[in-house]
Amino acid sequence: TEWQPGQWLDTTYHWDAYHASYGWTNVPNYSNDDRIPFDITINAQGLRSDHDYSLARPDGIQRVCFLGDSCTFGEEVNDDETVPFHLENLLEDVEGLNFGVHGYGLGQMVMRLEDEVLQFNPTHVVLIYLTFDIARDTQPEFVHAKPVFWLHEGELAVANVPVPEKSRQPWLVTQSFTAAWLWGRPTLPTPDQMPEYEDLLNALLQKAK
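First things first, this report covers the structure right here in the doc. (Residues numbered from 1 in each chain as written. Predicted model: local features only at pLDDT ≥ 70, side-chain atom pairs only at ≥ 80, totals over all residues. Heavy atoms only, no water.)

Points about unusual backbone geometry
- The omega torsion across Val161 and Pro162 is 5°, close enough to zero to call that bond cis.
- With respect to the secondary-structure elements, Pro162 resides in the loop between strand 11 (155–159) and helix 6 (171–175).
- Located in the positive-phi region is Asn121, a residue other than glycine, with phi close to 55°.
- The class for Asn121 is partly exposed, based on a relative accessible area of 39%.
- Although it is not a glycine, Asn160 sits at a positive phi angle of roughly 65°. (Helix = DSSP H or I, 4+ residues; strand = E, 2+ residues; numbered from the N terminus. Buried < 20%, exposed > 50% of the residue type's maximum accessible area, 1.4 Å probe, protein only.)

Rendered as structure tokens:
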């Protein structure tokens, strides 16, 4: 498809579904095949889980919703090896809902928090992000096209929404896994850029509150 480069589709990210606001999300009701040497199950709600959750939080249950990138999703581990799974199984009367999606920046996490997570009535929300996740927020593409976040006169702004389905990446990037990996990686902010990224980070965290 034009939305997802074929080389990515044939290797790891065939559990991606286009999303007009986030760029991509998890395919509901996905279960991995022999191409992936890990047990990956996505429920009907798009969460990494082998079962669905009721929107209403059960009485006496603390519900912890996790947002993050591939480290939260657990891209290269089994269903029973993710952080939310361990939390749910180690603590009594606690649910750990895994809203992680590979490649997400903090902005996409916050959008999913507002659109999906809050309707599950969580008692706690945990955002897990790496240093370079914030660098993804200012890019129009990372693996797929995505929303762009920046500060305009001190206010948080969002563009590229609805996210275009057709990739704007060069032909070589859409046809070559190696090229997509090399040129698709975000670079860490330089020291002189850090104040700008920190301001964007703080604005997104404030919105998450």
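Focus: the pattern of salt bridges
- This model, assessed by the stated rule, comprises 5 salt bridges.
- One salt bridge connects Arg48 with Asp79, and the closest N-O pair in it is separated by 2.6 Å. With Arg48 in the loop between strand 4 (41–42) and strand 5 (62–68) and Asp79 in the loop between helix 2 (70–73) and helix 3 (83–90), the pair connects residues that are 31 residues apart, well separated along the chain. The residues Arg48 and Asp79 share a single accessibility class, namely buried.
- Asp69 serves as the salt-bridge partner of Arg136, at 3.6 Å between the closest nitrogen and oxygen. With a gap of 67 residues between them, Arg136 in helix 5 (residues 133–136) and Asp69 in the loop between strand 5 and helix 2 connect regions that are remote in the sequence. (Salt bridge = Lys/Arg side-chain N within 4 Å of Asp/Glu carboxyl O.)

Topic: helix 4 (residues 106–115)
- Of all the 10 residues making up helix 4, 8 are buried; the element is thus mostly covered by neighbouring parts of the structure.
- When we look at burial in helix 4, the residues that qualify are Leu106, Gly107, Gln108, Met109, Val110, Met111, Arg112 and Leu113.

These values are about where atoms sit, not about what they do.
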